[in-house]
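Each chain, written out:
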Amino acid sequence: MISRDFDKLINSFTKLPTVGMRSAERFAYAIINMSKEDAETLAQNIIDVKRKIQICKVCGNFTTENICDICANRKSDTICVLKEPKDIVNFEKIKGFNCVYHILNGTLSPIKNITPDKLNINSLLKRINDGGVKEIILALGTDVESEATCMYLTKLLKPLDVKITRLAQGISLGSELEYVNTATLQKAFTDRKEVS
C-alpha cells in the first residue's frame, strides 16, 4: 500500500464500467507517472465535463447548450430512437445517414424497476404530435429489454400517422455460417429480402 490517497484513486477508477482492480491500479500508477500539468489537465477536464454537459431539450443527447448541434442544424422527417447518447456515434459514421435522434435513456426492465414513465418517451410523442415526422427507426439492440421496449413503442406509436421501422437483424458481415447461432440464423432467414 502506497497511501490512502492512492487507494482512494484506485477505488474511484473501479467505478468506471468494465474497469476491474488491475486496470484501476494501472490507471492510478499512470497518473502518478504523469507530469503535474497533465494530471491537472485530466482532473480539470473531468470537472468541466461534469459542470458543462447537459441534456438536449429536444432529443436527450449530451450537449453544452440547451439544444445539441444535431437538433439545431439538421432537418429531417426521420427520428432514430436510441437507448443512450453514446449510440449516436456509430450512426454518425454512416455516409448518407440523415436523420435526427431521440434518446430514451434506457430500456424497459421490470427487474431494474425501469418502467415507461422513467424513459424519455413523452417527449418523443410530443415531437411526433408536433408534426413533420414521417418515420421512426427503433434502433435499440436485440437483448430482451430492448425487444420489450421496441414492442411497447410499436404499440404506442401504431395509432399515430408515422411509419415505424426497425434495424435489420441477422448474420454479421464476414461471418461464416458454421459459427452463427440458431437464433441469429432464424432472424436472418425471417428478415430476408428479395434480391434486386
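None of these values were measured; they are calculated from a predicted model.

Quick word on the pairing of strand 6 (residues 163-166)
Argument step 1. By the bridge criterion, four bridges tie strand 5 (residues 135-138) to strand 6 in an arrangement that is parallel. Of the residues in strand 6, the one forming a bridge with Ile137 is Thr165.
Argument step 2. Taken together, strand 5, helix 7 (residues 144-157) and strand 6 form a β-α-β motif whose crossover is right-handed.

Thoughts on the pairing of strand 3 (residues 78-82)
Argument step 1. Taken across its five residues, strand 3 has five buried, putting it largely inside the fold.
Argument step 2. With burial as the criterion, each face of strand 3 is covered, one bearing Thr78, Cys80 and Leu82 and the other bearing Ile79 and Val81.
Argument step 3. Sheet topology places strand 3 next to strand 4 (residues 100-103); four bridges connect them, and they run parallel. Of the residues in strand 4, the one forming a bridge with Cys80 is Tyr101.

Some thoughts on helix 7
Argument step 1. Along its 14 residues, helix 7 runs 20 Å from first to last C-alpha, staying within 8% of the 20 Å computed at 1.5 Å per residue.
Argument step 2. Taken together, the buried positions of helix 7 are Ser146, Thr149, Cys150, Leu153 and Leu157. Along the long axis of helix 7, the arc covered by the buried residues comes to 100 degrees, so they all point the same way. Facing away from the buried surface of helix 7 by more than 90 degrees, the exposed residues are Val144, Met151 and Lys155.

Re the side chain of Thr149
Argument step 1. The topology assignment puts Thr149 in helix 7.
Argument step 2. At 2.8 Å, the side chain of Thr149 and the backbone nitrogen of Leu108 are in polar contact.
Argument step 3. The contacts of Thr149, once residues within four sequence positions are left out, are Leu104, Thr107, Leu108, Leu119 and Leu140.

Cut-offs used in this document
- Residues numbered from 1 in each chain as written.
- Predicted model: local features only at pLDDT ≥ 70, side-chain atom pairs only at ≥ 80, totals over all residues.
- Heavy atoms only, no water.
- Pairing = 2+ DSSP bridges.
- Helix = DSSP H or I, 4+ residues; strand = E, 2+ residues; numbered from the N terminus.
- Right-handed = clockwise from strand over helix to strand, strands pointing away.
- Buried < 20%, exposed > 50% of the residue type's maximum accessible area, 1.4 Å probe, protein only.
- Expected span 1.5 Å × (residues − 1).
- Arc of directions from axis to C-beta.
- Polar contact = N/O pair within 3.5 Å; in protein donor to acceptor, adjacent residues only side chain to side chain.
- Contact = heavy atoms within 4.5 Å.

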